[in-house]
Amino acid sequence: MGTLKDLLTTDMRSALKARDELTTSTLRMALAAIGTAEVAGRQKRELSDSEVLAVLTKEAKKRREAATAFGDAGRAEQAERERAEGEVLDRYLPKQLADEELAELVAGALAAGGFTERGQMGPAMKAAQTAVAGRAEGGRVAAEVRRQLGAG
């Protein structure tokens, strides 16, 4: 199989043929975001699958935040649309870690790097993010690193 971007393109074409408006528009938006990321910088380049995953994760997060904002504003229909778009994007993202799994991976990364103090937050976060490998949002990882460094 090809790249993740190729999979998105193929799935969008299938959704278009099936007249699945939600999936078509969501994948079209995701591919546009990927295209924007490809031309960011000095010259156009092809994104790796991990970079494409990062773009999809960012887009899914935008959908969750927008759904919350619309819900808080009493705009249930728009909130539901954003949630549905987020679900389409979630199909292409790695399964998110449970809190216990996240705590375990962060503890392992902190122990391996010898991180024990809050002053080491930057390097500790880098090690934790590498261990987590995109299977948890940065905010959750940061909160767990802070919690464990604070307890140590």
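Residues numbered from 1 in each chain as written. Predicted model: local features only at pLDDT ≥ 70, side-chain atom pairs only at ≥ 80, totals over all residues. Heavy atoms only, no water.

## Here's the deal with helix 6 (residues 121-132)
- A rise of 1.5 Å per residue sets the reference length of helix 6, with its 12 residues, at 16 Å; its end C-alpha atoms lie 16 Å apart and thus fit the reference within 8%.
- What helix 6 keeps buried is the set Ala124, Met125, Ala128 and Val132. Projected onto a plane normal to the axis of helix 6, the buried residues spread over an arc of 100° and lie on a single side. Exposed and facing more than 90 degrees away from the buried side of helix 6 are Lys126 and Thr130.
- Directly after helix 6, the chain includes Ala133, whose backbone phi takes a positive value near 50°. (Helix = DSSP H or I, 4+ residues; strand = E, 2+ residues; numbered from the N terminus. Expected span 1.5 Å × (residues − 1). Buried < 20%, exposed > 50% of the residue type's maximum accessible area, 1.4 Å probe, protein only. Arc of directions from axis to C-beta.)

## Focus: the layout of surface pockets
- Here the largest pocket is characterised by a volume of approximately 170 Å³.
- In terms of lining, the largest pocket is formed by Ser50, Leu53, Ala54, Thr57, Pro94, Gln129, Ala133, Gly134, Ala136, Glu137 and Gly138.
- Among the elements that make up the lining of the largest pocket, the one with the highest residue count is helix 3 (residues 49-72) (four residues). (1 Å grid on protein atoms, 1.4 Å probe; cavity = no way out; pocket = protein on both sides within 12 Å on 5 of 7 lines; lining within 4 Å. Points joined across faces, edges and corners; volume = space filled by probe spheres on them.)

## Concerning the nonpolar core
- One finds Leu8, Leu27, Ile34, Val52, Leu56 and Tyr92 to be the most contacted residues of the largest nonpolar core, which totals 17 residues.
- Counting only elements with at least two residues in this core, the list comes to helix 1 (4-17), helix 2 (21-39), helix 3 and helix 4 (76-90).
- A total of five residues in this core trace back to one element, the largest contributor, which is helix 2.
- Each residue touching Leu8, except ones within four places of it in the same chain, is listed here: Leu27, Leu31, Ile34, Val52, Leu56 and Tyr92. (Core = buried A, V, L, I, M, F, W, Y, C linked by side-chain atoms within 4.5 Å. Contact = heavy atoms within 4.5 Å.)

## What to know about helix 3
- Between its first and last C-alpha atoms helix 3 spans 35 Å; for 24 residues at 1.5 Å apiece the expected length is 34 Å, and the two agree.
- Taken together, the buried positions of helix 3 are Val52, Val55, Leu56, Glu59, Ala60, Arg63 and Ala67.
- Packed against the buried residues of helix 3 are helix 1, helix 2 and helix 4.
- Directly beyond the C-terminal end of helix 3, a positive phi value near 75° is found at Gly74.

## Side note on the side chain of Thr26
- On the secondary structure map, Thr26 appears in helix 2.
- A polar atom in the side chain of Thr26 sits 2.7 Å from the backbone oxygen of Leu22.
- Setting aside its immediate chain neighbours within four residues, Thr26 contacts Glu85, Val88 and Leu89. (Polar contact = N/O pair within 3.5 Å; in protein donor to acceptor, adjacent residues only side chain to side chain.)

Note that every value here comes from positions in space, so none of it alone points to a role or purpose.
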